[in-house]
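Residue-level structure breakdown
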Amino acid sequence: MAIYERSSGGYVAERVSPMPGSEEAEQMAALAEDPESGWRCAEPDPAPEPSGPPAKSATKAEWVAYAVSQGVEQSEAEGLKRDELVALFEEGGES
């Protein structure tokens, strides 16, 4: 859950943690983008954890990111073709 803060004189004057996807969350995000508002996003929402391999039709970049998240070296993953990455994690592969 994202946390937004408004500072005043070097101190945190207000701290808000709106429900993700709510109207308040959208308002706070807009305020945080406006440098004149005094609001900032102190703790952004965490990136969602991948639930499994990407679709076979996903881009090579998505497959490289997945391979790296599974312990493959970045340079090795980038050196493989997309179809080779798919094959690496298909049933019976290294996954």
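Coordinates for the structure precede this section.
Below is a summary of the structure that appears in this document. (Residues numbered from 1 in each chain as written. Predicted model: local features only at pLDDT ≥ 70, side-chain atom pairs only at ≥ 80, totals over all residues. Heavy atoms only, no water.)

**Section: the overall build of the chain**
Across its full length, the chain holds four helices and three strands. Ordered by position from the N terminus, the helices and strands of the chain form the series β-β-α-β-α-α-α. Reported as C-alpha extents along the three principal axes, the dimensions of the chain are approximately 55 × 25 × 20 Å. Expressed as a percentage of its 95 residues, the buried residues of the chain come to 21%. Long-range contacts, defined as pairs at least 24 residues apart, comprise 33% of the intrachain contacts of the chain with a sequence gap of at least 6. Just so you have it, the chain exposes about 6700 Å², and 49% of that area is on carbon and sulfur atoms. Measuring between centres, the 7 positive side-chain charges of the chain sit 4 Å from its 20 negative side-chain charges. (Helix = DSSP H or I, 4+ residues; strand = E, 2+ residues; numbered from the N terminus. Buried < 20%, exposed > 50% of the residue type's maximum accessible area, 1.4 Å probe, protein only. Contact = heavy atoms within 4.5 Å. Areas by Shrake-Rupley, 256 points an atom, 1.4 Å probe, with all protein chains shown as cover. Lys, Arg positive; Asp, Glu negative; His and termini not counted. Charge placed at Lys NZ, Arg CZ, Asp CG, Glu CD.)

**Overview of the packing of aromatic side chains**
We describe a pair of aromatic rings using the distance from one ring centre to the other and the angle between the two ring planes. Within the structure shown, the criterion is met by two aromatic pairs. Taking 6.1 Å as the distance between ring centres and 85° as the angle between the ring planes, the aromatic pair formed by Trp63 and Tyr66 counts as edge-to-face. Pair noted here: Trp63 and Tyr66 are both in helix α2 (residues 60-69), with a separation of three residues, about one helical turn. Look at Trp63 and you get buried, because its relative accessible area is 2%. (Phe/Tyr/Trp six-rings, centres within 6.5 Å; stacked < 30°, edge-to-face > 60°.)

**Thoughts on the sheet that holds strand β1 (residues 3-8)**
Spatial strand order, β2-β1-β3: three strands in an open sheet with antiparallel pairing. In this open sheet, the two edge strands, each paired with only one partner strand, are β2 (11-16) and β3 (39-43). With strand direction ignored, the average angle separating the axes of adjacent strands in the sheet is 40°. Pairing geometry for β1 and β2, over five bridges, is antiparallel. Its bridge partner being in β2, Tyr4 is matched across the sheet by Val16. Packed onto the sheet, helix α1 (residues 23-33) meets β1, β2 and β3 and runs at close to 110° relative to β3. (Pairing = 2+ DSSP bridges. Axes fitted to C-alpha atoms, helices over the stretch in contact; angles between N-to-C directions.)

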